[in-house]
Amino acid sequence: MRTVPVLTGAEAARLIADSDVITVSSSSGLGCPDAVLKAIGERYAESGAPANLTTLHPIAAGDMYGIKGIDHLCQPGQLRRVLAGSYPSGSSKLDPPLIRGLIHNDQIQALNIPSGVLFQMHRAASTGQPGVLTEVGLGTYADPRLEGGKMNAVTENFVQLMKIDGTDYLFYPAVNVDVAIIRATTADSYGNLSYEEECSTLGALDQAYAAHNHGGIVIAQVKKLSDAQLVTQAVRVPGILVDAIVVDPDQMQTTQTFYDPALSGEIHRNLDDIEPVEFGLEKVIARRAAAELQVNAIVNLGFGISAAIPRVLLEEGHAEDVTWVIEQGAVGGFPATGFAFGCALNPQALVQSADQFTLLQGGGFDVAMLSFLEVSGAGDVNVSYLAARPHVTAGVGGFSDIITKAPKIVYSGYFTAGKKDIQVTDGKLNIVADGTIAKFAPKIAQISFSGEMARRRRQEVLYITERCVVELTEDGLTVIEIAPGVDLEKDVLGKSGVPLLVSPDLQLMSPALFRPEPMGLILSRKPSRIAHLVRQSAPNR
């Protein structure tokens, strides 16, 4: 039976040729095959090869906190083009990753493609299909009528607009792959891979298919080797797809985390040690957003302020009342925050990220809890680009895939930006000194979400801030709630950079949101999809 060679990183790096197209399985630090990427960078520094590479990253490779990822490949002449759902990101106080400098200075071509679409592009390439035809990205920066996903002036056109039966779609061409670099926990001598200590398999299987079916090679970085053949049900990538194995016993499970078995679902951890969200404006916003949920709902969670919502539910006794679905692949459990964001404690299942996007792109969930950087007068949202410090945002990631068919979208964010003094006292908001930058702005840096497309699709869209709740209606952005202590004209309408309508049924946000003790949150119950069928089939009593 065929066996797979175990190579050093340097030996694996020599398998890659100039101008190869390389796909990398990673989500920031999660699943990043960093040892192999480092070896490729070291080979280039010594020999100038492999040069002129194209790399594909459905989710970012590496982070800004110790796992360099794509930055290993950022020496002059090493990269020609990068297609990525997201890029390494971090604090505005840190220096930008090297990849950002290459993009900003027009030294490489760079595209920001929605993560789910990029996974589908691999599937298309694997089977010889021309590409992906989808509504994902219509009316946003990915639309060729706007930016076409291009991140700088030297990037060639890629995304195409097509009309079928009178309906607009975007076409993302498939890209043939020469090398796939993936990661797992364990490999046996036949190259079979298991993922018992990983937080997700991400897109490893599809990326391996894309390289293998095109006549390319698959390099798998693992933490350890098994003397015996792996248990059949544990194998997530079969050895027939794997050409070389590189062992790195020190690979990190995710950013700043060497190994936590609760994140990989191997043990169940009690959540009693989870710290509540510190009382303040962020908690006020997260609380009000949490009030939009229902018991038994399937809910997608984004980063930013919205990431605090699970901790609000935990404090309010509702931690198990919703099922979270995270784009990296976790289903259920308690979403992690901080460096482990993208993982979940005690997940019920860990599916391929590529498969999770099938659920999300198809609208098979109830609510998306997301955050915003800025909002236009048309209800457009920017989450993907901060002009002053682009590396603070990762790019679009799976955001576009998630919002395209989401029945309901709840955005969380501050109403203004800049230095401010806003106090939460005695059930009220006291704006002592406001931020000088309007986050509801006449012109936003990038359109990640189209308000016009949302209205056409009849999606329910809310923008929740510390001082008001705004709804996207057929007539426009409409204030439907304001905080106690807030003056509607002065603090809301007067501080918005765009005209806002006011609901004739304007409500007051609950004073309980603005007090430090638990608010006594009560969630309504989502109707069962089969309740009427069960009632009809139940015997008469």
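Going along each chain's sequence as written, the residues are numbered from 1 onward. Totals for whole chains, interfaces and linings use all residues, but because this is a predicted model, local features are given only for residues with pLDDT of at least 70 and pairs of side-chain atoms are given and counted only at 80 or more. Side-chain metrics in this entry use all non-hydrogen atoms of the structure; hydrogen atoms and water are not considered.

Caption draft 1: The pattern of salt bridges, seen in detail. Salt bridges are defined by distance alone: a side-chain nitrogen of Lys or Arg within 4 Å of a carboxyl oxygen of Asp or Glu. In this structure the tally under the stated criterion is 21 salt bridges. Notably, a salt bridge pairs E197 with K224, separated by 3.3 Å at the nearest N-O pair. Here the residue E197 occupies a position in the loop between β11 (193–194) and α5 (204–213), and K224 occupies one in strand β13 (residues 224–225), the gap between them amounting to 27 residues. Among the residues examined, K224 registers a relative accessible area of 34% and is labelled partly exposed. Across the pair R269 and D260 runs a salt bridge whose closest N-O atoms are separated by 2.7 Å. In this scheme, a residue with accessible area under 20% of its type's maximum is buried, one over 50% is exposed, and one in between is partly exposed, where area comes from a 1.4 Å probe on protein chains only. Since its relative accessible area comes to 27%, R269 is described here as partly exposed. Residue D260 is classed as buried on the basis of its relative accessible area of 13%. Counted as one network, the salt bridges with shared partners bring together R288, E292, K408, E460 and E481. Strands here are runs of E lasting at least two residues and helices are runs of H or I lasting at least four, both read from the DSSP assignment and numbered beginning at the N terminus.

Caption draft 2: Structural detail: the nonpolar core. In this description, a nonpolar core means a group of buried Ala, Val, Leu, Ile, Met, Phe, Trp, Tyr and Cys residues linked to one another through side-chain atoms lying within 4.5 Å. Counting 126 residues, the largest nonpolar core has Y411 and Y463 as the members making the most contacts within it. It is helix α6 (residues 281–290) that provides the largest number of residues to this core, a total of six residues. With near-sequence residues (within four places) excluded, Y411 lies in contact with L370, S371, F372, V381, F399, I403, F449, V461, L462, Y463 and I464. Counting residues in each nonpolar core, the second largest holds 31 residues, with A12, A13, L73 and I181 among its members. The contact definition used throughout considers only heavy atoms, calling two residues in contact when any of these lie within 4.5 Å.

Caption draft 3: Region of interest: the side chain of D34. Mapped onto the elements of the fold, D34 is located in helix α2 (residues 34–47). Charged residues are defined here as Lys and Arg on the positive side and Asp and Glu on the negative side; His and the ends of the chain fall outside this count. No salt bridge is formed by the buried D34; its nearest oppositely charged neighbour, K38, is found at 7.2 Å. From its side chain, D34 meets the backbone nitrogen of G69 in a polar contact 2.7 Å long. Those residues in contact with D34, other than ones at most four positions away along the chain, are I67, K68, G69, H72 and Q221. The term polar contact refers here to a pair of N or O atoms within 3.5 Å; inside protein, the definition further demands a hydrogen-donor-capable atom paired with an acceptor-capable atom, and it admits residues adjacent in sequence only when both atoms are side-chain atoms.

Caption draft 4: Spatial organisation of the packing of helix α4 (residues 115–127) against α5. Every axis in this analysis is a line fitted to C-alpha atoms, fitted for helices over the stretch in contact. Angles between the N-to-C directions lie between 0 and 180 degrees. Remark: α4 packs on α5, axes separated minimally by 8 Å, with the N-to-C direction vectors making an angle of 30 degrees. Considering their axes alone, α4 and α5 lie roughly parallel with respect to each other. Relative to α5, the crossing made by α4 is left-handed. Side by side, α4 and α5 meet where F119, H122, R123 and S126 of the first sit next to D206, Q207, Y209, A210 and N213 of the second. Polar here means any residue other than Ala, Val, Leu, Ile, Met, Phe, Trp, Tyr, Cys and Pro, which are nonpolar, and Asp, Glu, Lys and Arg, which are charged; Gly is therefore polar. Looking at the contact of α4 with α5 residue by residue, the class counts come to three nonpolar, four polar and two charged. By the definition adopted for this analysis, an angle is roughly parallel if under 35 degrees, roughly antiparallel if over 145, roughly perpendicular if from 65 to 115, and oblique otherwise. We call a crossing left-handed when the near helix sits turned anticlockwise from the far one by less than a right angle, and right-handed when that turn is clockwise.

Caption draft 5: Quick peek at the pairing of strand β17 (residues 298–301). Here β17 pairs with strand β18 (residues 323–325) via three bridges, running parallel. When the sheet's bridge partners are listed, V299 is paired in β18 with W324. With the strands pointing away from the viewer, any crossover whose connection runs clockwise from the first strand over the helix to the second is right-handed. With helix α7 (residues 309–315) bridging β17 and its parallel neighbour β18, the resulting β-α-β unit is right-handed. For two strands to be treated as a pair, DSSP must find no fewer than two bridges joining them. By the bridge criterion, three bridges tie β17 to strand β23 (residues 367–371) in an arrangement that is parallel. The partner of V299 across the bridge, within β23, is V367.

Caption draft 6: Representation of unusual backbone geometry. Put simply, A49 and P50 share a cis peptide bond, and its omega is 0 degrees. On the secondary structure map, P50 appears in the loop between α2 and β3 (53–57). A positive phi angle, close to 60 degrees, is found at R458, a residue other than glycine. Residue placement: R458 occurs in the loop between α10 (451–456) and β31 (460–464).

Caption draft 7: Local environment of the environment of M369. Residue position: M369 is located in strand β23. For the pair M369 and L281, spaced 88 residues apart in sequence, the C-alpha to C-alpha distance is 17 Å. The residues contacting M369, other than those within four sequence positions of it, are A289, A290, L293, V299, N300, L301, G302, S306, I309, W324 and V410.

Caption draft 8: Spatial organisation of the packing of aromatic side chains. Pairing of aromatic rings covers Phe, Tyr and the six-membered ring of Trp, with a centre-to-centre limit of 6.5 Å; geometry is then stacked below 30 degrees between planes, edge-to-face above 60, and tilted otherwise. Evaluated as defined, the whole model comprises eight aromatic pairs. Ring geometry for F119 versus F357: centroids 6.0 Å apart, planes at 35 degrees, classification tilted. Taken together, the positions of F119 in helix α4 and F357 in helix α8 (residues 353–361) put the pair 238 residues apart, joining distant regions of the chain. Taken individually, F119 and F357 each receive the classification buried, so the pair is uniform in this respect. Ring geometry for Y411 and F449: centres 5.3 Å apart, planes at 65 degrees, overall edge-to-face.

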